[in-house]
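Overview (structure and organization)
For reference, the chains in residue letters:
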Amino acid sequence: MEKNKTSEDSIKILNRRSFIIIFVGIILSFIISLRLFSLQVINFKFYKKKSVENKLSIKLTPPLRGDIYDSNKKLLAGSSSLYEFVVFKNLSKSYKQEIINLDKILNLEINHSELYKRLEKFNDYSGFSLSRATWNQIVEFEKNKFLFNSIKIVESKKRYYPYRNFSQIIGYMGQPSKSSEFYSKGVFHIEKSYENYLKGTPGKIFNEVNAKGKIIREISIEKSIKGNDLDLTLDLNLQNYAQSILPSDKKGSVVVISVLDGSILSMNSNPTFDAQLFEDRNNNKINEFLNDDKKPLFNRAFSGFYPPGSVFKPISALVGLQRNLIDPTQEVFCKGHSSLGDRNYYCWKKKGHGKVNLKKAIKESCDVYFYELAKKTNIDDVESLSTDLGLNQEYNIGLSNTGKGLVPNKKWKKAFLDESWYQGETLITCIGQGYNQTSPLQLATLYSALINGGKYPLPKLNKNTATKFVGKLLKNDHQKIIMDALNAVVQEPSGTAYKLSISNPNFVKIGGKTGTSQVIRIKESEREDDLYKSKEIEEKFKDHSVFVGYAPYDKPKYIASVIIENGGSGSAVAAPIAHKILDYVYKNNV
């Protein structure tokens, strides 16, 4: 009996253990089944891709970048072949030592610490460019080829810039800054702004590799797709001509735009630089540019902001007309200065202009007339109309470092200087001085607005950008008064630019406005000194020379805006340059 009981207990224990083992087995089988289901069904595509990647090496091939042309399909930026030393980290664990050896043999002057930091983040299977290869370097490399497993000579493409006068507009290329970026990219101006449009799509070479990453065979090739070509509104011949007549010893700029659609036909800045030197990685020249006090990389045409001087006066006149502050036929007597409180505000003409109405005030650039107008003017009205006519705005034309400039108002001064506005500041603002800051491009656009009656086309550099008109319409009689006065500046005796008509009778007839932009304020004691004008003034304190003109004067098609830094009188320096450019663009039907 005892024996049977013991036997039954043993069977029960055995059955219990068997059940536990079977239950655990079922659970494990279920888990394994789930895992297999996950691997083979749910995540099939993922692991299939991983499996393919383990036996495939995909090498990207650079696409041709889109070309950039002027308005007549003349090449401004293209691509040409070059050879580079490229390291593939997956081909050798000793790639760093190979880089050191390469540098010793060819004297590439590689910054190793900086290079290794970048390589750490770089894709192992994508080639990293170490340096461009000259023919002599290629020959030397081939002699020592047995030393290098990870470094190869690869044919590539570099950017080709045939005309340096476009460098400050087109920009240049630079090395990739992210590990996900494999090829050079645009880092400045048009090259940067249109990067996605120009860059194209890389090709792919699919290779079968073994476990060590060695290529066994080539499987297939996907060809790269060239980037889109870009047509600009600029005219090559006009750009080169305008650059050639800018004074070589002065900093300055020229902008030429179309009255009809806002196309920028020429945009020059002096001094300039050669973008090809960046593409060729000429470090010595690049450092010279970067350290040059004259700032050749700085495009003064759209990034340079200056007091506009008297070219601003048409805005003040329009405010007076719109607010019924002036009668255009009513005369003001100019005796050489105007007073507000205990301060005198001087006209550029020491003995004064005598009796002056609105037309004469613009034609002869009488400051006193505008001082008297400014005494009745609200500065906020000046700022508002200036904005409507194209100032105080940043134009999106695909260039780096553009700015808004400034025509001030009460709110601006309180916000930025924490000061109240004084009426005396309105006086100097209304003649284009004071806080006013405008670029040559903005001044060209302002005069486009005046010519077009208030509704003007936004400036553009991309030929395929649709023309867009903005602004508010001016009254026809107000616009006519202003345009008649601007025509008189050049076409009538006593106009500040009348000398242009006499000196160049065969040139196209133009209208426009001269300006002399003060860099420093002249003290009252200096004004009384007859010898002051004959004194030698330090170059950087001399007035800027400004002129904005249009041609032909009776049916304007073109506008030229010129500023010569520290050039002096607008009528003597900037105006003749603008006249030559307008004559060229008109006679060549640009």
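Residues numbered from 1 in each chain as written. Predicted model: local features only at pLDDT ≥ 70, side-chain atom pairs only at ≥ 80, totals over all residues. Heavy atoms only, no water.

Along the chain, the regular secondary structure elements total 22 helices and 21 strands. Evaluated residue by residue, the chain yields a buried proportion of 47% over its 590 residues. (Helix = DSSP H or I, 4+ residues; strand = E, 2+ residues; numbered from the N terminus. Buried < 20%, exposed > 50% of the residue type's maximum accessible area, 1.4 Å probe, protein only.)

This brings us to the pairing of strand 15 (residues 343-346). For strand 14 (residues 337-340) and strand 15, the ladder comprises four bridges, and the chain directions are antiparallel. The residue of strand 15 that forms the bridge with Leu340 is Arg343. If you look at the hairpin formed by strand 14 and strand 15, you'll find two residues sitting between the two strands, and Gly341 has a positive phi there, around 65 degrees. (Pairing = 2+ DSSP bridges.)

A word on the pairing of strand 12 (residues 264-270). Counted residue by residue, strand 12 has seven buried out of seven residues, so it is predominantly covered. Pairing of strand 11 (residues 252-258) with strand 12, which is carried by six bridges, proceeds in the antiparallel orientation. Directly across from Val256, in strand 12, lies its bridge partner Ser266. Where strand 11 hands over to strand 12, the hairpin turn is made up of five residues, of which Gly262 adopts a positive phi near 80 degrees.

Residues Phe19, Ile20, Phe23, Val24, Ile27, Leu28, Phe30, Ile31, Ile32, Leu34 and Leu36 make up a contiguous nonpolar surface patch of roughly 1,100 Å² in combined accessible area. By the element assignment, Leu28 lies in helix 1 (residues 2-42). (Patch = residues over 30% accessible without salt bridge, like charges linked within 9 Å, V, L, I, M, F, W, Y side chains within 5 Å. Areas by Shrake-Rupley, 256 points an atom, 1.4 Å probe, with all protein chains shown as cover. Salt bridge = Lys/Arg side-chain N within 4 Å of Asp/Glu carboxyl O.)

With that settled, the discussion passes to the pattern of salt bridges. Evaluated as defined, the whole model comprises 24 salt bridges. Across the pair Asp67 and Lys226 runs a salt bridge whose closest N-O atoms are separated by 3.1 Å. Pair noted here: Asp67 is in the loop between strand 1 (56-61) and strand 2 (68-69) and Lys226 is in the loop between strand 9 (215-222) and strand 10 (230-231), with a separation of 159 residues, a long-range link. Since its relative accessible area comes to 13%, Asp67 is described here as buried. Between Lys413 and Glu419 there is a salt bridge, with the nearest N and O atoms lying 3.6 Å from each other. Assessed through its relative accessible area of 38%, Glu419 is described here as partly exposed.

Time to look at the packing of aromatic side chains. Counted under the stated rule, the structure contains 16 aromatic pairs. Between Tyr172 and Phe273, the ring centres sit 6.2 Å apart and the planes meet at 85 degrees, which makes this aromatic pair edge-to-face. Taken together, the residues Tyr172 in the loop between helix 6 (167-170) and strand 6 (173-174) and Phe273 in the loop between strand 12 and helix 10 (275-279) connect sequence positions 101 residues apart. For Phe273, a relative accessible area of 0% gives the class buried. Plain terms: the ring middles of Phe273 and Phe278 are 5.7 Å apart, the flat faces sit at 75 degrees to each other, and that makes the pair edge-to-face. The exposure classification of Phe273 matches that of Phe278, with both residues buried. (Phe/Tyr/Trp six-rings, centres within 6.5 Å; stacked < 30°, edge-to-face > 60°.)

What follows deals with the environment of Asn107. Mapped onto the secondary structure, Asn107 falls in the loop between helix 3 (95-106) and helix 4 (112-120). Sequence separation between Asn107 and Gln137 is 30 residues, and the spatial gap between their C-alpha atoms is 9.5 Å.

Attention now goes to the nonpolar core. With 115 residues, the main nonpolar core has Ile190, Met267, Ile362, Phe370, Leu389, Phe547 and Ile559 as its most contacted residues. Ignoring anything within four residues of it in the chain, the contact list for Phe370 reads Lys313, Ser316, Ala317, Leu358, Ala361, Ile362, Cys430 and Ile431. In terms of nonpolar packing, the next biggest core, distinct from the first, is built from 19 residues, Phe85, Leu108, Ile110 and Phe122 among them. (Core = buried A, V, L, I, M, F, W, Y, C linked by side-chain atoms within 4.5 Å. Contact = heavy atoms within 4.5 Å.)

Moving on, we get to the side chain of Glu98. Locating Glu98 in the fold gives a position in helix 3. Buried charge Glu98 goes without a salt bridge, the closest partner of opposite sign being Lys152 at 7.6 Å. Excluding residues that lie within four positions of it along the chain, Glu98 makes contacts with Ser92, Leu147, Phe148, Asn149, Ser150 and Ile151. (Lys, Arg positive; Asp, Glu negative; His and termini not counted.)

Bringing the sheet that holds strand 11 into the picture now. If you trace the five strands from one edge of the open sheet to the other, you get 12-11-21-20-19, paired in antiparallel fashion. Strand pairing shows two members of the sheet lacking a second neighbour, strand 12 and strand 19 (511-517), which therefore form its edges. Strand-to-strand, the axes of this sheet are offset by a mean angle of 5 degrees, without reference to chain direction. Of the strand pairs in this sheet, strand 11 and strand 21 (residues 558-564) are connected by seven bridges, and their pairing is antiparallel. (Axes fitted to C-alpha atoms, helices over the stretch in contact; angles between N-to-C directions.)

All quantities given are derived from atomic positions and should not be read as evidence of function.
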